[in-house]
Amino acid sequence: MLLRGRILAYFAKVKVTETPKIRIGEAIKLIKEKAKAKFDETIDFQLRLNVDPKHGDQNVRGTCMLPGGLGKNVSIAVLASNELNEVALRAGADFVGQEEILKSIKDGTYKFEKLITTQEMLVHLKPYARLLGTKGLMPNPKAGTLVLPQELTQAIKGAKSGSIEFRVDSGSNLMVPVGKKSFEDKVILMNIKAFSLALNQKRPTSLKGQLIGEARIKTTMGQPVEVDVSSFDQRNKENDLKDLVY
């Protein structure tokens with residue numbers, strides 16, 4: 001999460017590719033054509049929202065299931081009662097066991113990228129709340145990582161199959177991954193449509209006017225390209241993705 005913060009700060013300062021705002025489909029083609037890195041770059045979708053996060057009801061945050069996935073295997077630790085360890089492993093968890101997980105957090109030797117816990121286990125994480133918070137690992141119900149025991153299987157499978165968390169920062173910026181350079185354009189567009197729908201569900205009731213102020217898309221190593229918001233915003237009935245089915 002610290003890395004995401006640095007990227008969002010970069011987003012605020014970086015020089016944008018000298019092109020007018022273009023439709024989302026054209027923007028994806030353009031950034032993929034310009035991508036020169038030898039690895040499969042992540043495609044990041046960057047937004048500036050017309051909100052003031054200082055107001056609690058405008059601190060936009062949520063989760064979204066990307067239908068096309070992210071093209072990576074996220075390592076997940078599950079902190080739950082021992083009788084749920086087998087359930088967690090069957091659902092796809094990589095690390096289980098209360099003592100092992102807590103010791104790895106304390107020692108700084110943990111290898112997981114996401115931590116899911118049940119509510120009764122949260123008390124055991126309180127000594128490490130500051131540490132986990134700075135790493136973006138502290139379980140939270142809004143992020144889908146603090147769950148009831150009966151929700152555990154669904155939470156693990158969701159995290160494994162492309163569930164992402166989004167949250168506006170203090171500068172009203174927000175960034176999410178929407179795929180890899182190797183993905184077909186249609187898959188990236190499906191992910192963007194799903195994210196746009198999820199974002200609009202979190203639209204503050206107090207907000208007047210349009211939620212999304214600016215949009216850019218880029219590959220990991222590439223320059224961002226400005227995108228016409230109307231081409232993907234699901235509140236616009238004539239958006240380019242309206243007929244895209246997934």
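Thresholds applied
Residues numbered from 1 in each chain as written. Predicted model: local features only at pLDDT ≥ 70, side-chain atom pairs only at ≥ 80, totals over all residues. Heavy atoms only, no water. Buried < 20%, exposed > 50% of the residue type's maximum accessible area, 1.4 Å probe, protein only. Helix = DSSP H or I, 4+ residues; strand = E, 2+ residues; numbered from the N terminus. Pairing = 2+ DSSP bridges. Contact = heavy atoms within 4.5 Å. Axes fitted to C-alpha atoms, helices over the stretch in contact; angles between N-to-C directions. Salt bridge = Lys/Arg side-chain N within 4 Å of Asp/Glu carboxyl O. Phe/Tyr/Trp six-rings, centres within 6.5 Å; stacked < 30°, edge-to-face > 60°. Core = buried A, V, L, I, M, F, W, Y, C linked by side-chain atoms within 4.5 Å. Polar contact = N/O pair within 3.5 Å; in protein donor to acceptor, adjacent residues only side chain to side chain. Expected span 1.5 Å × (residues − 1).

Trainee: Tell me about the pairing of strand β9 (residues 212–219), residues and numbers included.
Mentor: For β9, the tally of buried residues reaches 6 of 8 residues, placing the bulk of the element in the interior. Bridge count between strand β1 (residues 42–49) and β9: 7 bridges; the pairing is antiparallel. Each bridged residue has a counterpart across the sheet, and for R48 the counterpart in β9 is E214. The pairing of β9 with strand β10 (residues 225–226) spans 2 bridges and is classified as antiparallel. Paired with R216 across the two strands is E226, which belongs to β10.

Trainee: So what's going on with the sheet that holds strand β5 (residues 114–118)? Which residues, and what values?
Mentor: One open sheet holds the 4 strands; their spatial order is β4-β3-β5-β6, and the pairing between them is parallel. At either end of the open sheet lies a strand with only one pairing partner, and these are β4 (95–96) and β6 (146–147). Each of β3 (76–79), β4 and β5 is contacted by helix α4 (residues 98–107), which is oriented at about 120 degrees to β3, the strand it contacts most.

Trainee: Kindly report on the environment of I105, identifying the contributing residues and their values.
Mentor: Assignment of secondary structure puts I105 in helix α4. A sequence separation of 23 residues divides I105 from Y128, and the C-alpha atoms of the two residues are 7.6 Å apart. Other than its neighbours up to four places away in sequence, I105 contacts Y110, F112, L115, L125, Y128, L131 and L132.

Trainee: Which residues make up the pattern of salt bridges, and what are the values?
Mentor: Within the structure shown, the criterion is met by 9 salt bridges. Between D228 and R23 there is a salt bridge; the shortest N-O distance is 2.9 Å. Taken as a pair, D228 in the segment after β10 and R23 in the loop between α1 (2–13) and α2 (24–34) lie far apart in primary sequence, 205 residues in all. A relative accessible area of 23% means that D228 is categorised as partly exposed. For R23, a relative accessible area of 27% gives the class partly exposed.

Trainee: Hey, could you go over the environment of N191 for me, with residue numbers and the actual values?
Mentor: Its place among the elements puts N191 in helix α8 (residues 185–201). The exposure class assigned to N191 is buried, which follows from its relative accessible area of 0%. The spatial distance from the C-alpha of N191 to the C-alpha of Y246 is 9.1 Å, given a sequence separation of 55 residues. Here N191 is in contact with L66, P67, G68, G69, V178, G179 and F183, once residues within four sequence places are set aside.

Trainee: Would you mind going over the sheet that holds strand β8 (residues 173–180) in detail, with residue names and values included?
Mentor: Pairing is antiparallel across the open sheet formed by 4 strands, whose spatial order is β8-β1-β9-β10. Sheet topology places β8 and β10 at the edges, where each strand pairs with a single neighbour. The strands touched by α2 are β1, β9 and β10; relative to β9, the strand with the most contacts, the crossing angle is about 30 degrees. α8 contacts β1, β8 and β9 of the sheet and is inclined by roughly 150 degrees relative to β8.

Trainee: Explain the packing of aromatic side chains to me, and be specific about the residues and the numbers.
Mentor: All chains considered together, the criterion is met by 5 aromatic pairs. Chaining the aromatic ring pairs together yields one cluster made of F45, F166, F195 and F232.

Trainee: How would you sum up the nonpolar core? Please name residues and give values.
Mentor: I24, F45, L49, I192, L199, I217 and F232 are the most contacted members of the largest nonpolar core, which totals 42 residues. Of all the elements in the fold, those that place two or more residues in this core are α2, β1, β7 (163–167), β8, α8 and β9. When residues in this core are grouped by element, the largest group, 9 residues, is from α8. Setting aside its immediate chain neighbours within four residues, L49 contacts V60, V168, S172, L174, L199, L211, I212 and G213. Grouped together as the second largest cluster of nonpolar side chains are 14 residues, V78, A80, A93 and I116 included.

Trainee: Explain the side chain of S75 to me, and be specific about the residues and the numbers.
Mentor: Along the chain, S75 turns up in the loop between β2 (61–65) and β3. A polar contact is formed between the side chain of S75 and the backbone oxygen of K111, at a distance of 3.3 Å. Among all residues touching S75, those that are not within four sequence positions of it are D94, F95, K111, F112, E113, K114 and K160.

Trainee: Account for α8, naming residues and giving values.
Mentor: Along its 17 residues, α8 runs 25 Å from first to last C-alpha, staying within 8% of the 24 Å computed at 1.5 Å per residue. For α8, the buried fraction is high: 14 of the 17 residues fall into the buried class.

Take it as geometry only, folks, not as evidence of what the structure does.
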